[in-house]
Amino acid sequence: MSSLLILKTRICLKYISPLFNPSTAGFTPLNNVISKLSVSSRLLCTKGGSRHAGNNRKEDRQREFNIRERLPFPKSVFASGTAKRTAEYQKKRAEEEPDFPRKNKRVKPPDHPLTASEWKSLKLTTPNPDRFDVRMMSSMLADGTDINVAKSLLAYVAMDTGTLSYELLLRYLTLCVGSGHHSEVFDMYDIMRSRFRTLDTGASSLFIKGFSRTERWKEALTILENIKRAITPSPRNYGDTIAGAVLHGDGDTAWALYAELMEKGLIPNQETWQALFQCGLSHQGHEDGLQSILLHMRDNQIYPEETLAKDIKAWFESLPEQKWIGSWSTVDPRGVCRSCQAELESIQLSREEYAQLKDRVMGDVIQGRDVFNKTTPEELESFKNFVKRKPAFDVVIDGLNVANIGIKGNQSQTLLEVVSELERQGLVILVLGRKHMQRPSRSWDRHDMSLVQQKAHCFFTDNISEDDPFLLYATLHSGNHCNFVSRDLMRDHKACLPDGATRRLFFKWQRGHQLVLSSYTPGKRVRFQRILSYDTIVQTHGGSWHIPYDENGAERCTYEVPQKWLCLTKAK
């Protein structure tokens, strides 16, 4: 058996040796060499382990802050970039911790092609020579290494082992596609189709992307059809073929592919929309289709990136005889566009929307299957009866969450000052707390807590219970006018809701009803971040469009909203 293996290796090396010749500066094209491999030598080519290459916990609600180190937060916790600035601040504080050296550091690729002996020496000097070829090719991908360096690695591996693994070829293909080496992509397509009976979705996706950018773009459609026989293609697969059709002037094919993508319930990526708006610039028509994209963004609370927003602006302004004018704008606190002075849609829910949301939250969050992991049936029933006996509340306070915003050891004073500020505004207040807050201690002063109970209605849950279901129940039960005070962004409760439309409705209600302390200094007046009066979604009213967009380079969490707008109006 071993003699047979050696014989096959010799046969393989006989044909691979011309791939790399130390006496010459260039490399023989890969397909010219590998196409000469005998049937026996092809048995040595193996598919690597990563063949299919294509394919919180809840935040601590009681985190303590030192008031002297407080960040200068923007106007709202929902403003785009707030989470990024918070993370940068926390990272800066964490830099004082020791930085332990990382294990298994990435191998650094050379900056020029190496001979076989040089590759062998480099491999022997690495701390971990196992899978050296795959790890080196991965490093070349990360660094965007010159293609000739990658070719020299393939030549060495072929001469050293008598085989090129599927995994290694896939990484090489990724490098070729990413760096725009189209002829190498064509070569790899011929090689891999001839040597492997099937290609995984990762390789097929790379070939779709590579071919779509070339004059052979229609072959990407054939590869897409092959994927369909096994699985549903990804939005990226459709996006690449749509971009290829647009690039080569076939708008009808692009729109047919987009309709197919939407019928399958897939979520298009921004590059796909950008290609279609660029198509609209060069080919008149499909106005209804392009406006349906904007309405899809509205219905799904999607925000275009700045590059896409620029193409949207250019498309509107290119429409003949319609005289659209686009401008970059912001919205003032009253909800008025600073460019055209139009008033944007209110953040407040309509009566029908509020009734729908209340129904779903009560059923899926308050009475959901896991609610009694957070409380007991008796406690929840007791709270419902408590709420029924009280007047409708104007504001509900997450007492423990709010108390922990101040200096440690003085929580009761923090809570008292927040309650006192809301009482001065003539509001009916409910404070939700834990039973341990009623026991006198250094953190919970008896006199402070007595004053809190005089100024507000109070309900204290068991110490093991969570406050959030109680807070949501009391706020929604009191009516659409009722706000709540908490730093908790309610992401896990939003996730409990059964569909995207209800989750978006919850987020809209949350942004219009959640009060967050903007600053707090003991003994000084408590101030809250302003609740925006307008909704941040794509909006249209006859002769105008207002489109919120993400600025280039902006990092926005899912619970944040953009601050910049594209204003489109018709000239009078």
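Up top you'll find the structure we're talking about.
Quick notes on the rules
- Residues numbered from 1 in each chain as written.
- Predicted model: local features only at pLDDT ≥ 70, side-chain atom pairs only at ≥ 80, totals over all residues.
- Heavy atoms only, no water.
- Phe/Tyr/Trp six-rings, centres within 6.5 Å; stacked < 30°, edge-to-face > 60°.
- Helix = DSSP H or I, 4+ residues; strand = E, 2+ residues; numbered from the N terminus.
- Buried < 20%, exposed > 50% of the residue type's maximum accessible area, 1.4 Å probe, protein only.
- Arc of directions from axis to C-beta.
- Contact = heavy atoms within 4.5 Å.
- Pairing = 2+ DSSP bridges.
- Salt bridge = Lys/Arg side-chain N within 4 Å of Asp/Glu carboxyl O.
- Axes fitted to C-alpha atoms, helices over the stretch in contact; angles between N-to-C directions.
- Parallel < 35°, antiparallel > 145°, perpendicular 65-115°, else oblique.
- Left-handed = near helix turned anticlockwise from the far one by under 90°.

Attention now moves to the packing of aromatic side chains. The relation between two aromatic rings is expressed through the spacing of the ring centres and the mutual angle of the planes. Inspection of every chain in the model, using the stated rule, returns 21 aromatic pairs. Taking the centre distance of 6.1 Å and the plane angle of 55 degrees together, the rings of Phe 316 and Trp 545 count as tilted. With Phe 316 in helix 16 (residues 306-318) and Trp 545 in strand 10 (residues 544-549), this residue pair connects regions lying 229 residues apart in the sequence. As far as burial versus exposure is concerned, Phe 316 and Trp 545 are alike and both buried. Seen from their ring centres, Trp 328 and Tyr 549 are 5.2 Å apart, and the 70 degrees between their planes marks the pair as edge-to-face. One end of the pair, Trp 328, is in strand 1 (residues 324-329); the other, Tyr 549, is in strand 10, and 221 residues separate them in sequence. Through successive ring pairs, a cluster of aromatic residues spans Phe 277, Trp 315, Phe 316, Trp 324 and Trp 545.

For helix 17 (residues 351-366), the full list of buried residues reads Tyr 354, Leu 357, Val 361, Met 362, Val 365 and Ile 366. Across the axial projection of helix 17, the buried residues extend over an arc of 130 degrees, all falling on one side. Turned more than 90 degrees from where helix 17 packs its buried face, Glu 352 and Asp 359 sit exposed. Here the buried face of helix 17 lies against helix 18 (377-389), helix 22 (468-478), helix 23 (491-496) and helix 24 (500-513).

A few words on the sheet that holds strand 11 (residues 564-570). Strand order in the open sheet formed by four strands is 1-11-10-9, and the pairing between neighbours is antiparallel. The strands lining the two open edges of the sheet, one partner per strand, are strand 1 and strand 9 (539-540). Where strand 9 and strand 10 come together, two bridges link them in antiparallel fashion. Residue Thr 540 lies in a different strand from strand 10, and its bridge partner there is Trp 545.

Let's shift gears to the pairing of strand 2 (residues 395-398). Alternating positions in strand 2 separate into two faces, Val 395 and Ile 397 on one and Val 396 and Asp 398 on the other, with burial throughout. Sheet analysis places strand 2 next to strand 3 (residues 429-434), joined by four bridges and oriented parallel. Among the inter-strand pairings, Asp 398 is bridged to a residue of strand 3, identified as Leu 432.

We now examine the pattern of salt bridges. Tallied over the full model, the rule gives 21 salt bridges. Lys 151 is paired through a salt bridge with Glu 184; the nearest N and O atoms lie 3.1 Å apart. Of this pair, Lys 151 sits in helix 7 (residues 147-161) while Glu 184 sits in helix 9 (residues 182-195), and the two are 33 residues apart along the sequence. Linked through salt bridges whose partners overlap, the residues forming this network are Glu 353, Lys 508, Arg 511 and Asp 535.

In the contact formed by helix 17 and helix 22, the axes pass within 11 Å of each other and the chain directions differ by 155 degrees. Relative to helix 22, the element helix 17 lies roughly antiparallel. Judged by the sense of rotation from one axis to the other, the crossing of helix 17 with helix 22 is left-handed. On helix 22, the residues that touch Tyr 354, Lys 358, Val 361, Met 362, Val 365 and Ile 366 of helix 17 are Pro 469, Leu 472, Tyr 473, Thr 475, Leu 476 and His 477.

Moving on, we come to the sheet that holds strand 2. Pairing is parallel in the open sheet, where five strands are placed in the order 4-3-2-5-6. Looking along the sheet, the strands with just one partner apiece sit at the ends: strand 4 (457-461) and strand 6 (514-515). Note that strand 3 and strand 4 share five bridges and pair parallel. Following the sheet pairing, Arg 434 is matched in strand 4 by Thr 461. Here helix 18 sits on the sheet and contacts strand 3 and strand 4; the angle it forms with strand 4, its principal contact strand, is near 175 degrees. Across the sheet, helix 21 (residues 446-455) touches strand 3 and strand 4, and the angle it forms with strand 4 is around 120 degrees.

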